[in-house]
Amino acid sequence: MSATAGFHFLDRAYLPRLVAAAELAAELDARSDVTYQDVIDGGHELPGDTLRAVGREVAGDYGWSGYCMVHLLTYLDDQGVDLFASEYGAECDVINASYSLTVLMTPAHKVFLPQLDPAARGDRELHRHFETMAYGFAEAATAARDGLEILRDGIAALEEHEILVLHVG
């Protein structure tokens with residue numbers, strides 16, 4: 001199965017709406033009497049709907065599998081760049097309970113901008129990490145560099161009232 005990585009800027013004021021959509025998704029998912037078609041026909045706002053309705057998609061496209069982004073996040077975490085930690089940990093836990101992997105990054109993450117510079121990472125090191133994760137392929141370092149670039153540029157562009165939402169699913 002494939003996964004994609006999507007990036008959206010979200011005004012902090014809409015975070016409760018995203019959390020409510022995730023709670024609804026979890027509630028509907030737990031009910032055996034509700035089908036996927038019921039959800040679609042029911043006019044429910046799920047997390048992806050919220051991001052499309054009130055979020056702003058990050059310019060540019062991450063053209064690699066979402067799994068590449070997951071492995072890049074693991075690599076960064078191993079290097080002391082914890083993009084998972086934020087002031088919205090509780091909200092992130094609720095969202096992740098029903099909406100695959102979601103990371104909420106704030107302007108506080110700008111402290112990591114130097115470590116997100118693609119030029120600061122060697123191809124061999126990046127490729128080795130992907131191989132360690134059993135996801136090695138010829139262009140792994142390029143996928144990692146593209147991921148570093150979109151993370152760096154997205155975090156750098158954040159205004160105080162915004163969150164960068166990364167969703168892999």
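The structure displayed is predicted, hence computed values, not measured ones.

**Side note on the confidence of the model for the protein chain**
Taken over all residues, the pLDDT of the protein chain has a mean of 93, while the share at 70 or more is 98%. Within the protein chain, no element has a lower average pLDDT than helix α2 (residues 36–41), which sits at 69, and none a higher one than strand β4 (residues 162–168), at 98.

**Topic: the pairing of strand β3 (residues 101–105)**
Successive residues of a regular strand alternate their side chains across the two faces of the sheet. Counting buried positions along β3 yields four of five residues, so the element is predominantly enclosed. For β3 and β4, the ladder comprises five bridges, and the chain directions are antiparallel. Note on β4: the bridge partner recorded for Val-103 is Leu-166.

**Remarks on the layout of surface pockets**
One number sums up the size of the second largest pocket: a volume of about 160 Å³. Every residue along the wall of the second largest pocket is listed here: Phe-9, Val-58, Ala-59, Gly-60, Asp-61, Tyr-62, Asp-146, Glu-149, Ile-150, Asp-153, Gly-154 and Ala-157. In terms of residue count, the dominant contributor to the lining of the second largest pocket is helix α7 (residues 140–157) (six residues). Here the lining of the second largest pocket is built from residues that sort into six nonpolar, two polar and four charged.

**Remarks on helix α3 (residues 47–54)**
Pro-47, Gly-48, Thr-50 and Leu-51 are the residues of α3 that are buried. Viewed end-on, α3 has its buried residues packed into an arc of 160°, placing them on one side of the element. Exposed side of α3, more than 90 degrees from the buried face: Arg-52 and Ala-53 are the residues found there. The inward-facing, buried residues of α3 abut β1 (5–11), α1 (15–30), β2 (56–57) and β4.

**Topic: the nonpolar core**
Counting residues in hydrophobic clusters, the biggest one holds 32 residues, and the most contacted among them are Phe-7, Met-69, Leu-76, Leu-83, Leu-116, Leu-151 and Leu-166. Of all the secondary structure elements, the ones that give two or more residues to this core are β1, α4 (66–78), β3, α6 (123–132), α7 and β4. The element that contributes the greatest number of residues to this core is α7, accounting for eight residues. Beyond its immediate sequence surroundings of up to four residues, Leu-166 is in contact with Ala-5, Gly-6, Phe-7, Met-69, Leu-73, Leu-101, Thr-102, Val-103 and Met-105. Core analysis: the second largest hydrophobic core is formed by 13 residues, Leu-15, Leu-18, Ile-95 and Ile-163 among them.

**A look at the pairing of β4**
With respect to burial, β4 is a largely interior element, seven of its seven residues being buried. With burial as the criterion, each face of β4 is covered, one bearing Glu-162, Leu-164, Leu-166 and Val-168 and the other bearing Ile-163, Val-165 and His-167. Alignment of β1 against β4, held across seven bridges, turns out to be antiparallel. For His-8, the partnering residue across the bridge sits in β4 and is Val-165.

Basis of the calculations
Here the residue numbering is sequential within each chain, running from 1 through the sequence in written order. For this predicted model, a pLDDT threshold of at least 70 governs which residues receive local features, and a threshold of 80 or more governs which side-chain atom pairs are given and counted, while totals over whole chains, interfaces and linings are taken from all residues. Just so you know, side-chain values use all the structure's heavy atoms and leave hydrogens and water out. You can read pLDDT as the predictor saying how much it trusts each residue, on a scale of 0 to 100. A run of H or I in DSSP counts as a helix once it spans at least four residues, and a run of E counts as a strand once it spans at least two, with each numbered from the N terminus. Partly exposed describes any residue whose relative accessible area lies between the buried limit of under 20% and the exposed limit of over 50%, with all areas from a 1.4 Å probe on protein chains only and scaled to the type maximum. Strands were regarded as paired on the criterion that DSSP finds at least two bridges between them. Method remark: on a 1 Å grid restricted to protein atoms, a set of points is classed as a cavity if a 1.4 Å probe fits but cannot get out and as a pocket if it is open with protein on both sides within 12 Å along at least five of seven lines; lining residues have an atom within 4 Å of a point. Grid points are joined across faces, edges and corners, and a volume is the space filled by probe spheres set on the points. When residue character is reported, Ala, Val, Leu, Ile, Met, Phe, Trp, Tyr, Cys and Pro are called nonpolar, Asp, Glu, Lys and Arg charged, and the others, Gly included, polar. Here, the arc refers to the directions that run from the helix axis to the C-beta atoms. Only heavy atoms enter the contact rule, under which two residues are in contact if any of them lie within 4.5 Å. To form a nonpolar core, buried Ala, Val, Leu, Ile, Met, Phe, Trp, Tyr and Cys residues must be joined to one another through side-chain atoms within 4.5 Å.

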